[in-house]
Amino acid sequence: MDNMSNVTPDKENVEEEKDVNGKDLFTNITEINQAENIENLNKQNIGNQDTKVLENFKIESLIENQQTQTSEEQRANYEKLKSYIKWNSIEELYNSKYFCFCGREVDLYYIPTKSFTEALMEKLRISFIGCFLDHLNSPQRKDYETYSAKAELTEVIYNKHEDFNQERNNDVCKDVIGLIKNAVEKRKVINTELVFSCMWNARLVDCMVTNLDSGVKKLKQLEMLSLPANWISDLKGSLLPRNLKFLELFCNLINDFTNLCRGFPSTLCHLGLARNKLTDGSNLHLLATINTTYNLRTLDLGDNDICDLLYVLNSLTSLVNLVGLTLHGNPCSTCSTYRETILKYLPKLKYLDNVEFWSMDREPLNDCKIEDHVEDGALIFKCFRLMGIPQPAAQTVDKQKVEQTYHIEIELPLLDPELRKIGQLEPTDPEFDILSSVIEKEKVNKK
């Protein structure tokens, strides 16, 4: 009996455990089913979200394609209008500035911002100087013997001139090997601060520079700064080094002298602003209002859109040491008394448009008043040979040769006011479509 009594409770315990296990198993199955249902619902929600995202993406892509198509049509129309003009080789190069130097394509409607310091550091990195900079060669030894050996090897490679890219990558200054040797002789770790302290000239050609930042002040010994073929639209004179003597900004986008005249360095001898966006409204007269231009000897304003010659000359009369002036390529240089007028207002000038004045050029005109012809706009050119025209037969009248002349008509579309407006507009300007339709109608009428 005792044994039976002992067995029975054990069976009951086992049944209770089975019941408990059974309940746990059912509970687990229920929870798993619930989890699967939740997961399926989440998948449906994610699928619905993906569908919505896909629909939104399709809509955005459609809008973007329409905008791109419209932009491409505008650009095609712009290029079509420009095709009406027969550009010479120099103008073609200027109009195709986005690939004329490096061969790369640049979207003229989106120019990424790049400061002078960023461009200079990038140029130093790809040049031979980058082989010596501390932060680019941290694992290498930095003693004088190592630097000297590297400098000698670098000079041998540089003097071979085997690669055009090598020459271009090392045009950051006039003498890159001399700069390296000068830095090595300092017997210090070569870093950017040391390189900057040794640079007396800097050259960044077509480096996509859009603005001059305060980093240029770190080049305290800088005397020559050349930044041609970049995208600088404004320049503050206060940022320029105080020892600067030569500043070249050929082929940029500068259209105003206001900020340049603020803090204009008194040591500057040459200022080059050819192929920019200067006009009669660019405040050139501000050069006459500051007292730091007395050392300025040469000024290049060629190939801009300056029309008023008297305004230019009145703005430059205070430059007492000016000996060289360039204005060719501007509408103001087409007047019949161009050189005589400039000599009258700037008698100390020795060179005009890179041509030296002779003593006979300084003889005054007695038959007319010079200022009366400043706004004539006469375009004078010489034709030395006509190709493709048959030689006229020799004729004589009373044993005297008959002089024969040709009547030649030349179209100058750049002087067409409507086309000049087109050249100053972008396809996104509201007047662009109006002017383009007018020119299209005129072209059809001529046919």
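Owing to the predicted nature of the structure, the values given are computational and were not obtained by experimental measurement.

**Student:** It is not clear to me how the overall build of the protein chain should be interpreted in this structure. Could you clarify?
**Tutor:** Secondary structure summary: the protein chain contains 12 helices and 10 strands in total. A total of 447 residues make up the protein chain; the buried ones form 33% of that total. Counting only contacts in the protein chain whose residues sit at least 6 apart along the sequence, the fraction spanning at least 24 positions is 63%. Total accessible area computed for the protein chain in this model is approximately 29,000 Å², and 52% of it derives from carbon and sulfur atoms.

**Student:** Help me understand empty space enclosed by the protein in this model?
**Tutor:** It is the rolling of a water-molecule-sized probe over the atoms that shows where space remains empty. Using the criterion set out here, one finds three cavities of 30 Å³ or more in the structure. Roughly 50 Å³ of internal volume is contained in the second largest cavity. Around the second largest cavity sit Ile-129, Phe-132, Leu-179, Ile-180, Ala-183, Ile-190 and Val-195, which together line it. Among the elements that line the lining of the second largest cavity, the one with the most residues is helix α6 (residues 176-184), at three residues. For the lining of the second largest cavity, a count of residues per class yields seven nonpolar, no polar and no charged.

**Student:** For this particular structure, what's the right way to read the side chain of Asn-201?
**Tutor:** Tracing the backbone through its elements, the reader meets Asn-201 in strand β1 (residues 201-203). A relative accessible area of 7% places Asn-201 in the buried class. A distance of 2.6 Å separates a polar atom in the side chain of Asn-201 from the backbone nitrogen of Lys-174. Sequence-distant contacts of Asn-201, defined by excluding residues within four places in its chain, comprise Val-172, Cys-173, Lys-174, Leu-222 and Met-224.

**Student:** When you look at the nonpolar core in this model, what are you seeing that I'm missing?
**Tutor:** The nonpolar side chains of soluble globular proteins are, as a tendency, buried together. Residues Leu-225, Phe-257 and Leu-271 are the most contacted members of the largest nonpolar core, which totals 74 residues. Elements that contribute at least two residues to this core include exactly α3 (116-126), α4 (144-160), α6, α7 (192-198), α8 (258-261), α9 (309-316) and α10 (338-345). Sort the elements by how many residues they give to this core and α6 lands first, with six residues. Discounting chain neighbours no more than four positions away, the residues touching Phe-257 are Leu-271, Leu-273, Leu-278, Ser-282, Asn-283, Leu-284, Leu-286, Leu-287 and Leu-301.

**Student:** Explain the pattern of salt bridges here, please?
**Tutor:** Applying the stated criterion across every chain, the model contains seven salt bridges. Between Arg-141 and Asp-143 there is a salt bridge, and its shortest N-O distance comes to 2.9 Å. On the basis of relative accessibility, which here comes to 59%, the residue Arg-141 falls in the exposed class. Between Lys-181 and Glu-155 there is a salt bridge; the shortest N-O distance is 3.0 Å. Taken together, the residues span a long stretch of sequence, with Lys-181 in helix α6 and Glu-155 in helix α4 at a distance of 26 residues. Take Glu-155: its relative accessible area is 25%, and that puts it in the partly exposed class. Sharing partners across several salt bridges, the network here consists of Lys-123, Asp-171 and Arg-203.

**Student:** What should I look at first to understand α10 in this one?
**Tutor:** Three- or four-residue spacings in an α-helix give side chains the same orientation, since the helix completes a turn every 3.6 residues. Every buried residue belonging to α10 is among Tyr-338, Thr-341, Ile-342 and Leu-343, and all of these are buried. On its buried face, α10 is in contact with α9 and β7 (351-352).

**Student:** I tried to follow the packing of aromatic side chains on my own but got confused; where do I start?
**Tutor:** Between two aromatic rings, the relevant description is the distance of the centres plus the angle of the planes. Summed over all chains, the structure comprises two aromatic pairs. Centre to centre, the rings of Phe-128 and Tyr-158 are 6.2 Å apart; their planes meet at 80°, and the pair counts as edge-to-face. In this pair, Phe-128 is assigned in the loop between α3 and α4 and Tyr-158 in helix α4, connecting sequence segments 30 residues apart. Neither Phe-128 nor Tyr-158 differs from the other in exposure class; each is buried. Judged by centre distance (6.3 Å) and plane angle (35°), the rings of Phe-132 and Tyr-147 are tilted.

**Student:** Sorry if this is basic, but what is going on with the sheet that holds strand β5 (residues 298-300) here?
**Tutor:** The pairing of strands in a sheet comes from backbone hydrogen bonds and takes either a parallel or an antiparallel form. Pairing is mixed across the open sheet formed by eight strands, whose spatial order is β1-β2-β3-β4-β5-β6-β7-β8. The open sheet has two free edges, formed respectively by β1 and β8 (355-356), since each of these has just one partner strand.

**Student:** Could you clarify how one ought to interpret α4 in this entry?
**Tutor:** The terminal C-alpha atoms of α4, which comprises 17 residues, lie 25 Å apart, in line with the 24 Å expected from a rise of 1.5 Å per residue. Taking the backbone nitrogen of Glu-145 as reference, a side-chain oxygen 3.2 Å away marks Asp-143 as the first, capping residue of α4. Directly after α4, the chain includes His-161, whose backbone phi takes a positive value near 55°.

**Student:** Just checking my understanding: could you explain the packing of α4 against α6 for this structure?
**Tutor:** How two helices sit against one another is set out by the angle between their axes and by the gap between those axes. One can describe the packing of α4 onto α6 by two numbers: an axis separation of 10 Å at closest approach and a directional angle of 170°. Judged on the interaxial angle alone, α6 and α4 are roughly antiparallel. Contacts between α4 and α6 pair Tyr-144, Tyr-147, Ser-148, Ala-151, Thr-154, Glu-155 and Tyr-158 from the former with Val-176, Ile-177, Ile-180, Lys-181 and Val-184 from the latter. Its residues assigned to classes, the contact of α4 with α6 shows eight nonpolar, two polar and two charged.

How each quantity is defined
Residues numbered from 1 in each chain as written. Predicted model: local features only at pLDDT ≥ 70, side-chain atom pairs only at ≥ 80, totals over all residues. Heavy atoms only, no water. Helix = DSSP H or I, 4+ residues; strand = E, 2+ residues; numbered from the N terminus. Buried < 20%, exposed > 50% of the residue type's maximum accessible area, 1.4 Å probe, protein only. Contact = heavy atoms within 4.5 Å. Areas by Shrake-Rupley, 256 points an atom, 1.4 Å probe, with all protein chains shown as cover. 1 Å grid on protein atoms, 1.4 Å probe; cavity = no way out; pocket = protein on both sides within 12 Å on 5 of 7 lines; lining within 4 Å. Points joined across faces, edges and corners; volume = space filled by probe spheres on them. Nonpolar A, V, L, I, M, F, W, Y, C, P; charged D, E, K, R; others polar. Polar contact = N/O pair within 3.5 Å; in protein donor to acceptor, adjacent residues only side chain to side chain. Core = buried A, V, L, I, M, F, W, Y, C linked by side-chain atoms within 4.5 Å. Salt bridge = Lys/Arg side-chain N within 4 Å of Asp/Glu carboxyl O. Phe/Tyr/Trp six-rings, centres within 6.5 Å; stacked < 30°, edge-to-face > 60°. Pairing = 2+ DSSP bridges. Expected span 1.5 Å × (residues − 1). Axes fitted to C-alpha atoms, helices over the stretch in contact; angles between N-to-C directions. Parallel < 35°, antiparallel > 145°, perpendicular 65-115°, else oblique.

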